[in-house]
Every structure is written in structure tokens, then in C-alpha cells.
Amino acid sequence: MLDVKLFEMQSFLPPSYEEDLLPRLKDAQEKLQTGTGAGSDFTGWVHLPRDYDKEEFARIQAAAKKIQSDSQALVVIGIGGSYLGARGVVDCLCSPNYNLKKKDTPNVYFIGNGLSADAMGEVLDLVADVDFSVNVISKSGTTTEPAVAFRFFREALEKKYGREEAGRRIYATTDKARGALKSLADSQGWETFVVPDDVGGRYSVLTAVGLLPIAVAGVDIEALMRGAAQMMDVCAEGGPACPAWRYAAARYALYAAGRSVEILACYDPAFRFMSEWWKQLYGESEGKEGKGLFPASVDFTADLHSMGQYIQQGQRLMLETVVRLGASARQLCVPRDEDDGDGLNFLAGASMDFIRDRAMEGTLLAHHEGGVPNLIVEADGKTPEDLGQLIYFFEYACGLSGYLLEVNPFDQPGVEAYKKNMFALLGKPGYEGRKAELEAKLNK
Ligand code: PA5
């Protein structure tokens, strides 16, 4: 079972910090469990691993099987919470090189997560000569980036297969009743999956939003949900030994003591997009009202050769949370070289995991000495079950953290600001006044 370890925290926090925070953690726990805190309309994810729609889950598995049988590629269109979780899990469990590997599951391309014509054109080229399907994901059904991308890929599908067959290759994941995507899907007869009303984008990876693409890539989504349910039980119990309580307490106490940046580190490059998912989760949940730790991430050991300098000796802004994923699936040992020209024979026969673990320990000690508090999130391994535990752990700790910080962890009012400006500058009807005002500012 996933655990949290706090390395020598007494160098940074008073010994009583966990006890001091207990009443506030109990209050945050109560709010999450009973849905009585700020943003409680969006706490459907708390019991999701137990209460998820089993009928829809079976449809997701059936759709994944169909896509695996009739498509060489799945194009997944979505942004933010409608993108990062699925990408994180697919990269982590199937490899960032998943699309390059020999396999009997379709390639999965993520698009609609930006406005780059080159990125879009590249995926259009990649699917031009293969059979493909599209999963368009948007809770609101109105987000510009995925909506624009979907126009391109729907057109490509219809050109290739005709409207009827194209319709059998489009899967829309959206609100159960509202939004342009839902209306379009219903009018065209596309298969739809639901983003539940009470689950916000960044907490939606364990709904159809994440599950369909993840299942298409061949991941056992039952095991993913099982892992999440195990952690749900641990978190429902709560208490000082609960890993989510311990993580939330330590990062909050460090924030209150003046730390302003949390770096999430992992020694497995396949974790990179899980870190991106984590950044959105914590950044959008906590970063409001002038508060919140800034979530950043690093890939170790690669970034020890770049960001390592700052972490060791730059401004003392940060705390570091290291995710450890246990033993690698493959055990590779350093070959012996009789000449030993590189002087590396002292490592001959050592496994890569052994070397990595010593690097991990050396870094922990160095960063601690350099004044960086270290929190360790230790997973048993890198299976779907482990990742399910990890996802739920981070979600739950994030809800607790938001309540400790006294913000609503489930809204994101700040995301609207850029959208309004973009719509105005693009000439969207209804934004005429703002357009003139913004253009005058830009042309100063
Ligand atoms: O967490 C959020 O709410 C956002 O990141 C959204 O997920 C993102 O903006 C995409 O929204 P939608 O799913 O409505 O297209």
C-alpha cells in the first residue's frame, strides 16, 4: 500500500506540527466525507471508486474493444482535466514511447490540448493512412482548443469513411445533458460517455474521461479502479497515519512556514505526464485568493544536471516531494569491460535499480543538507493498481489541502480571464466592447 515518509522534518518544522493541525484536518476530512465544504457540489470523486456507474464502465470496456479491433490509432481530443490524466496514465504504464512500440493495441495520439497548427497537422498526417477513431472529451462541450481540433478530425474521418461510418468511430465524452458537444453527439447519434456533474475536470481521470483512452491502450482499468478503491478506504478512515493526511499536513505546515514552491520529482521518465496531471490538480485547486504553493516538477536524474543547481543552492523557496515507484519491470545490469577504460568496473554487475536507488538516497541527503525539506511518496510499484492508489491519494490530499488553506479546492475562476480576452480578440459575437478595449491596449 502507498505510504508517505517525511525525511528529517524536524529540521524545518516544530515537532508538534502534525498534532497542531489535527483539529483542522479532522474538519477538512468531515467536509470531504460529508460534502459540506466549499465547492461540495464537486466532490463526486470522493466515493467514485465505489459508486461509479458500472453499466457505463462496461460500455467503456466494450468501446475500447471495438476501437482495438477496428482502429490502428485513437485520436484523443481534450485539454486540461480532459487530457492530462489519461496521458499521464498511458505514458506511465505503457511508456512515453508507447506509439513507437510493437503491440496489438492502437496508437493513441493526444491533440486539441493547444493551438499549434504544426502539432495538429502532424497528427492528421499520422492517421491519414491508417484506420482510426476519435474520442472527443469536453465536460463543458464548449472549450475552444478541443472544439477546433474536433472539426479537423471529424472532417478527416468523414472524408475517409463517409458520414455514417465516421459516426461509428466518434466517441464523445461530455456532460450528460448540456453543452454544444452533447447536442451535436445526440443529433449525430455518436456514442457518448458522461463526465458526472459532481466531478470537476482535474478530478475526472477515473471517469470515462480517462478510462476510455486508458483502456484502449490496453491498461486494466478494473485494476486501476481497484487500487483507487483501496486508497479510498484508507482515506475514508483518515487519522494521523493516513498518508493523505500526513502529506497534506506537511506541505501545508511548510507553506505556512514560508515555502512557496513544491517540486514533484520522480526517477522514472515515464512519470512526466503524471507530474503534469498533478500540477494541474494542485495548481488549479490551491492557486487562488493570492494563496497556494506553486506546483513545479522535475525528472530525475536528468534534471539534477540542470535544475539540480538551483534546488541545491538557489533561493530557499521550495519543498520537494519525491514519488518512488519501486522496482523496475526490467532488471538490467551494467556489463563488465575487461579494459575498464571508463573506470566503471566498480559498477559491473550492479543493476540499474541499485544505481538509481543510491542516486535517490544521495540526492535526498544533499537536498536536505541544502535546506530543502523532502517528502517521499512511496508506491509499491508501477502497476495499474498502484497508479489507482496514487491518483486517489493525490486527489484526496488535494481536497484536504484546499480546506486547510481555506479556499474552494473545486473551482477555477481564474481560468476564465484568458478565455474572455481570446474570444474578444477573435471577434466572438457578444464580446465587441471588450475587443476594442483590448486592441487599444495592444496597439499602445
Ligand atoms: O479542470 C478544469 O476544469 C479545466 O482544466 C478543464 O478540464 C479544461 O479547461 C477543459 O474543459 P472541458 O472539459 O470543459 O473542455
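Procedures and definitions
Residues numbered from 1 in each chain as written. Predicted model: local features only at pLDDT ≥ 70, side-chain atom pairs only at ≥ 80, totals over all residues. Heavy atoms only, no water. Buried < 20%, exposed > 50% of the residue type's maximum accessible area, 1.4 Å probe, protein only. Helix = DSSP H or I, 4+ residues; strand = E, 2+ residues; numbered from the N terminus. Near = heavy atom within 4 Å. Polar contact = N/O pair within 3.5 Å; in protein donor to acceptor, adjacent residues only side chain to side chain. Areas by Shrake-Rupley, 256 points an atom, 1.4 Å probe, with all protein chains shown as cover. Nonpolar A, V, L, I, M, F, W, Y, C, P; charged D, E, K, R; others polar. Pairing = 2+ DSSP bridges. Axes fitted to C-alpha atoms, helices over the stretch in contact; angles between N-to-C directions. Contact = heavy atoms within 4.5 Å. Domains from an automatic or database assignment. Buried area = accessible area lost by both parts, 1.4 Å probe. Salt bridge = Lys/Arg side-chain N within 4 Å of Asp/Glu carboxyl O.

1. Quick look at helix H4 (residues 84-94)
Of all 11 residues in H4, 9 are buried; the element is thus mostly enclosed. Of all the residues in H4, the buried ones are Leu-84, Gly-85, Ala-86, Gly-88, Val-89, Val-90, Asp-91, Cys-92 and Cys-94. Backbone geometry just downstream of H4 places Ser-95 in the positive-phi region, at approximately 95°.

2. Considerations on the site of the ligand
Around the ligand, the structure places 13 residues, and the nearest of them are Ser-82, Ser-138, Ser-140, Thr-143 and Gln-280. Interatomic distance of 2.6 Å between a side-chain N/O atom of Ser-138 and an oxygen atom of the ligand. Contact distances for the ligand include 3.4 Å between an oxygen atom and a backbone N or O atom of Arg-202. Protein chains bury 89% of the 380 Å² of accessible surface belonging to the ligand in isolation. Class assignment for the residues of the shell around the ligand results in 1 nonpolar, 9 polar and 3 charged.

3. What to know about the sheet that holds strand S6 (residues 191-194)
Across the sheet, which stays open at both edges, the 5 strands sit in the order S3-S2-S4-S5-S6 with parallel pairing between neighbours. Among the strands making up the open sheet, the edge pair consists of strand S3 (107-111) and S6. Pairwise comparison of adjacent strand axes, ignoring direction, gives a mean angle of 20° for this sheet. Here 5 bridges tie strand S2 (residues 73-77) to S3, and the two strands are oriented parallel to one another. Within S3, the position partnered with Leu-74 by the bridge is Val-108. In the packing of helix H7 (residues 180-188) onto the sheet, contacts are made with strand S4 (132-138), strand S5 (170-174) and S6, and the angle to S5 comes to roughly 145°. In this fold helix H8 (residues 208-216) packs onto S2, S3, S4, S5 and S6, with an angle of close to 160° to the strand it touches most, S4.

4. Let's talk about the domain arrangement of the protein chain
In terms of domain boundaries, the protein chain breaks down into domain 1 (3-36 + 224-405) and domain 2 (48-219). Between domain 1 and domain 2, the C-alpha centre-to-centre distance is 30 Å. If you look at the interface, domain 1 gives 26 residues, while domain 2 gives 24 residues. Both faces considered, domain 1 and domain 2 share a buried interface measuring about 2200 Å² in area, 75% of it formed by carbon and sulfur atoms. Ranking the residues of domain 1 by area buried against domain 2 places Met-225, Phe-273 and Gln-280 at the top, with a combined share of 31%. Counting across the domain 1 and domain 2 interface gives 1 salt bridge. Between Glu-284 and Arg-202 there is a salt bridge whose closest N-O contact spans 2.9 Å.

5. Some thoughts on the pairing of S5
With 5 of its 5 residues buried, S5 lies for the most part within the structure. Judged by which residues are buried, S5 turns out to be covered on both faces: Ile-170, Ala-172 and Thr-174 on one side and Tyr-171 and Thr-173 on the other are all buried. Examined bridge by bridge, S4 and S5 share 5 bridges and lie parallel to one another. Opposite Ile-137, over in S5, you have Thr-173 as the bridge partner.

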